[in-house]
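Residue-level listing of the chains:
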Amino acid sequence: MALEDIKAQVAKAEADAGRAPGSVTLIAVSKMQPDARVEAVLDAGHRVFGENRVQEAAGKWPGFRDRYDGIELHLIGPLQTNKARQAMELSDAIHSVDRPKLAKTLARLAQEMGQCPDLFIQVNTGEEPQKAGILPADADAFVAECRALDLPVQGLMCIPPVNEEPSLHFALLAKIAERNGLGGLSMGMSGDFERAIALGATHVRVGSAIFGARETG
Ligand SMILES: *Cc1c(COP(=O)(O)O)cnc(C)c1O
């Protein structure tokens, strides 16, 4: 199945970049995929998945968690503050921390719940008005603000503009992470995960290359 090909390509990209085997986590992005395809990937032994909507994740993953051990679920899409609690209950990591209001809400809930998923700060590296993410110029201050709130920030995430060479954006994200002492880099999708790994990605988010084209809706 495609999963095996993608795993092999991840391993090759790690080796080509002189990185340790297994240093990159492959997040299989299952949004808008039929359950049968997700089950096939679970049955093949994969356990790390990504969803971009809380509601869809809530409908799908508690049932899979009942049936399969060791699932790790990453929320990678924009998060509204009124869904933050549900997102924290459902997921092991949130990749879309992108504004002070959300950071404050997550911090308050983390206090209350006594736990918090791993967090990634989304950076709008292309400075696109319609796209979520903190602007590169504001990233250092926002990382500091999240740390002051005791949030478990593991790294940074970006989604490069569709019509630009993604490597420039991956390199920028890596630079911002490095100067802030952050080890995690969530970058790279179906079309560019090998380039992201070459530039230091620790988490690649691959959907259609594993599962096939998504159902529209
Ligand atoms: C859908 C999605 C992906 C996966 O996209 P593919 O091109 O199917 O690999 C990765 N990251 C985010 C944030 C997404 O929403």
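Note: the structure precedes this text.
For the structure given in this document, a descriptive report is provided here. Counting restarts for each chain: residues are numbered from 1 in the order of the written sequence. Reporting of local features is limited, given that this is a predicted model, to residues whose pLDDT is at least 70; pairs of side-chain atoms are given and counted only at 80 or more, and all residues count toward the totals for whole chains, interfaces and linings. The basis for the side-chain values is all heavy atoms of the structure; hydrogens and waters are excluded.

## Thoughts on the packing of helix H6 (residues 136-148) against helix H7 (residues 166-179)
- Here H6 crosses H7 at 30°, and the two axes come no closer than 10 Å. Classified by the interaxial angle, the pair formed by H6 and H7 is roughly parallel. Our pair here, H6 against H7, has a crossing hand that is right-handed. Contact residues: H6 offers Pro136, Ala139 and Asp140, while H7 offers Leu172, Ile176 and Arg179.
- Classification convention: Asp, Glu, Lys, Arg as charged; Ala, Val, Leu, Ile, Met, Phe, Trp, Tyr, Cys, Pro as nonpolar; all other residues, Gly among them, as polar. For the contact of H6 with H7, the class distribution of residues is 4 nonpolar, no polar and 2 charged. The axes used here are C-alpha line fits, helices contributing only the stretch in contact, and every angle between their N-to-C directions lies in the interval 0 to 180 degrees. Each helix corresponds to a stretch of at least 4 residues labelled H or I by DSSP, and each strand to a stretch of at least 2 residues labelled E; elements are numbered beginning at the N terminus. Note on terminology: angles under 35 degrees are roughly parallel, angles over 145 are roughly antiparallel, angles of 65 to 115 are roughly perpendicular, and the others are oblique. Each helix crossing is assigned a hand: it is left-handed if the near helix lies turned anticlockwise from the far helix by less than a right angle, otherwise right-handed if that turn is clockwise. Here, residues are in contact when the closest pair of their heavy atoms is within 4.5 Å.

## Brief notes about empty space enclosed by the protein
- The definitions used throughout rest on a 1 Å grid laid over the protein atoms alone, on which a cavity is an enclosed set of points accommodating a 1.4 Å probe that cannot get out and a pocket is an open set flanked by protein within 12 Å on both sides along at least five of seven lines; lining residues are those having an atom within 4 Å of a point. Grid points are joined across faces, edges and corners, and a volume is the space filled by probe spheres set on the points. Under the definition given, this model contains 1 cavity of 30 Å³ or more.
- In this model, the largest cavity occupies a volume close to 40 Å³.

## Regarding the site of the ligand
- A molecule or strand has a residue near it when one of that residue's heavy atoms lies within 4 Å. If you check the shell around the ligand, you find 13 residues, and the closest are Lys31, Ser190, Gly207, Ser208 and Arg214.
- Definition of a polar contact: a pair of N or O atoms within 3.5 Å, with one able to donate and the other able to accept a hydrogen when the atoms are protein atoms, and with sequence-neighbouring residues admitted only if both atoms are side-chain atoms. One of the side-chain N or O atoms of lysine 31 is found 2.7 Å from an oxygen atom in the ligand.
- A distance of 2.9 Å separates a nitrogen atom of the ligand from a polar side-chain atom of arginine 205.
- Protein contacts shield 90% of the accessible area of the ligand, which totals 390 Å² for the unbound molecule. Methods summary: accessible areas were calculated by the Shrake-Rupley approach with a probe of 1.4 Å, and residue burial reflects only the protein chains presented.

## Observations concerning the side chain of serine 30
- Structurally, serine 30 can be placed in the loop between strand E1 (25-29) and helix H2 (35-43).
- If near-sequence neighbours (up to four positions away) are discounted, serine 30 is found in contact with Val38, Phe49, Gly50, Glu51, Glu56, Lys60, Trp61 and Phe211.

## Looking at the pairing of strand E2 (residues 48-51)
- Whether a residue is buried, partly exposed or exposed follows from its accessible area with a 1.4 Å probe, protein chains only, as a fraction of its type maximum: under 20%, in between, or over 50%, in that order. Along E2, one buried face is formed by Val48 and Gly50 and the opposite face, lined by Phe49 and Glu51, is buried too.
- When DSSP finds at least two bridges between two strands, those strands are taken to pair. Two elements, E1 and E2, share 2 bridges in a ladder whose sense is parallel. Each residue of the ladder has a partner; that of alanine 28, found in E2, is phenylalanine 49.
- A crossover links E1 with its parallel partner E2, the connecting element being H2, and its sense is right-handed.
- By the bridge criterion, 4 bridges tie E2 to strand E3 (residues 72-75) in an arrangement that is parallel. Its bridge partner being in E3, glycine 50 is matched across the sheet by histidine 74.
- The parallel pair E2 and E3, bridged by helix H3 (residues 54-67), forms a crossover whose chirality is right-handed. A clockwise course of the path from the first strand over the helix to the second, judged with the strands pointing away from the viewer, identifies a crossover as right-handed.

## Observations regarding H3
- Taking 1.5 Å of rise per residue, the 14 residues of H3 would be expected to cover 20 Å, and the 20 Å separating its terminal C-alpha atoms lies within 8% of that figure.
- A residue's bend is the angle separating two fitted axes: one through the seven residues that end there, the other through the seven that start there. Maximal helix bending in H3 amounts to about 30°, located at lysine 60; proline proline 62 follows within four positions.
- Every buried residue of H3 is listed here: Val54, Glu56, Ala57, Lys60, Trp61 and Phe64. Every helix has an expected span of 1.5 Å times one less than the residues it contains.

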